[in-house]
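# Overview (structure and organization)
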Amino acid sequence: MKHFLTLLFLITSSISLYGSGDDLSISKGTDQAVIAQLSPTVAQTDVWNNAKIEVSFNVPLDASSVQKNNIKLVYLSSKTNDHIDGAISYDKYDNKVLYTPNALLEEGVYEVEIKSLKADKGYKSTQIKEIKYRFYVPEVIQGHQLPPEPDPVVNDSTLLGIDANGNGVRDDVERWIYETYKDKHPIHIDIAMQAARAYKKVLEMPEKAKEIRGEVSAPIYCEGYYLIYANKFGDELLVHSRIIDKKFENIYFNTTERKSKWVIYQKSLSGDSYTVPWPSQGKNYCDFNVN
């Protein structure tokens with residue numbers, strides 16, 4: 001194994017390998033390589049059907065040892081750990097083992113297992129007994145790569161929960177927003193994500209409610225414009241039902257600790273009066289490009 005200096009695991013066509021949290025980013029085996037993370041450049045459905053898994057070696061392999069039973073692709077997200085059937089080949093010029101799945105790779109965790117590959121003449125003592133590479137295929141909605149569904153126990157064990165992609169929105173909330181509004185006008189997602197980013201401030205500093213009220217209220221004014229007033233000022237009514245409602249609050253403030261922060265925020269606002277913007281100014285409170 002010592003002769004195999006570098007192993008590189010890739011999926012061609014610029015597919016993303018999304019390593020995140022727990023063991024999604026762990027490759028089990030000897031002399032494991034770092035899993036590459038690439039950004040998708042085309043739609044998910046245009047890529048997954050023709051994906052090729054490439055494993056490159058620094059020494060030539062014995063082509064006769066590169067057989068179908070020496071490489072497996074397993075879908076770990078299913079209860080039965082389904083094997084994904086595919087075609088295997090070997091490029092002797094680039095020392096690459098190529099595996100092409102026959103099926104669409106859906107969102108979830110996969111593991112590639114390579115075993116019993118021998119080196120060509122001159123490297124007879126070198127043999128790969130077993131290497132496993134684990135990777136995550138992300139779900140893409142409206143061109144946005146969603147983070148993995150977090151473990152609910154881990155996610156709810158802290159106030160802020162898990163935000164694997166660091167965009168300021170808890171992963172379970174982000175996934176719910178995109179799944180709920182994926183078939184509606186994109187502005188629904190934009191408004192909901194803006195509200196979720198603002199609600200994070202409520203969790204972090206509820207006692208400073210009067211200081212953060214403007215940021216927390218902004219997506220409500222934005223929503224109101226496109227729900228009620230837009231057609232009076234030359235724009236289209238793009239929202240036809242409430243987005244930031246009681247259900248959204250319950251999705252976001254879903255634990256006792258999170259609900260308590262929301263209560264503190266509301267109580268900290270009591271006793272004062274506040275102005276609201278003119279209806280015509282509502283879209284100015286959207287923190288995204290309204291065009």
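Everything below is about the structure shown above.
A few points on the structure. It should be emphasised that the depicted structure is a prediction, and the values quoted were computed from it without experimental measurement.

Its 14 residues place the ends of helix 8 (residues 256-269) 20 Å apart at the C-alpha level, agreeing with the 20 Å of an ideal helix rising 1.5 Å per residue. Where helix 8 is concerned, the buried positions are Arg258, Trp262, Tyr265 and Leu269. Angularly, the buried residues of helix 8 cover 60 degrees about the axis, an arc narrow enough to put them on a single face. Exposed and oriented more than 90 degrees from the buried face of helix 8 are Thr256 and Lys267. One or two positions beyond helix 8, positive phi appears at glycine 271, with a value near 95 degrees.

The next subject is the pattern of salt bridges. One pass over the structure, following the stated rule, counts 12 salt bridges. Among the ionic contacts, a cluster of salt bridges with common partners joins Glu139, Glu149 and Arg175.

Below, the discussion takes up the packing of helix 6 (residues 209-229) against helix 8. Taken N-terminus to C-terminus, the directions of helix 6 and helix 8 make an angle of 105 degrees; their axes are 9 Å apart at the nearest point. Relative to helix 8, the element helix 6 is oriented roughly perpendicular. On helix 8, the residues touching Ala209, Lys210, Ile212, Arg213 and Val216 of helix 6 are Tyr265, Ser268 and Leu269. Its residues assigned to classes, the contact of helix 6 with helix 8 comprises five nonpolar, one polar and two charged.

This paragraph deals with the pairing of strand 5 (residues 86-91). Relative to strand 6 (residues 96-101), strand 5 runs antiparallel, the two sharing six bridges. When the sheet's bridge partners are listed, tyrosine 90 is paired in strand 6 with valine 97. Counted between consecutive antiparallel strands, the loop separating strand 5 from strand 6 contains four residues, among which asparagine 95 sits at a positive phi close to 55 degrees.

Turning our eyes to something else, we now look at the packing of aromatic side chains. Summed over the entire model, instances satisfying the criterion amount to 12 aromatic pairs. The interplanar angle of 70 degrees and the centroid separation of 5.1 Å between the aromatic rings of tyrosine 252 and phenylalanine 253 together place this pair among those described as edge-to-face. The same class applies to tyrosine 252 and to phenylalanine 253, which are both buried. Three or more aromatic residues link up through ring pairs in this structure, and these residues are Trp176, Tyr181, Tyr199, Phe248, Tyr252, Phe253, Trp262 and Tyr265. In this arrangement the basic side chain of arginine 170 is found over the ring face of tyrosine 252, its NZ or CZ atom lying 4.8 Å from the centre.

Here glutamine 142, not a glycine, exhibits a phi torsion of approximately 50 degrees, which is positive. Within the fold, glutamine 142 resides in the loop between strand 11 (140-141) and strand 12 (144-145).

Moving on to the state of the cysteines. Going through the model one piece at a time under the given rule, you end up with one disulfide. Two residues, cysteine 222 and cysteine 286, share a disulfide whose sulfurs are 2.0 Å apart. Negative torsions about the S-S bond denote left-handed disulfides, and the value of about 95 degrees found for cysteine 222 with cysteine 286 makes this one right-handed. Taken together, the positions of cysteine 222 in helix 6 and cysteine 286 in the segment after helix 8 put the pair 64 residues apart, joining distant regions of the chain. We note that cysteine 222, like cysteine 286, is buried.

The rules we used
Residues numbered from 1 in each chain as written. Predicted model: local features only at pLDDT ≥ 70, side-chain atom pairs only at ≥ 80, totals over all residues. Heavy atoms only, no water. Helix = DSSP H or I, 4+ residues; strand = E, 2+ residues; numbered from the N terminus. Expected span 1.5 Å × (residues − 1). Buried < 20%, exposed > 50% of the residue type's maximum accessible area, 1.4 Å probe, protein only. Arc of directions from axis to C-beta. Salt bridge = Lys/Arg side-chain N within 4 Å of Asp/Glu carboxyl O. Axes fitted to C-alpha atoms, helices over the stretch in contact; angles between N-to-C directions. Parallel < 35°, antiparallel > 145°, perpendicular 65-115°, else oblique. Contact = heavy atoms within 4.5 Å. Nonpolar A, V, L, I, M, F, W, Y, C, P; charged D, E, K, R; others polar. Pairing = 2+ DSSP bridges. Phe/Tyr/Trp six-rings, centres within 6.5 Å; stacked < 30°, edge-to-face > 60°. Lys NZ or Arg CZ within 6 Å of the ring centre and 35° of its normal. Disulfide = S-S within 2.5 Å.

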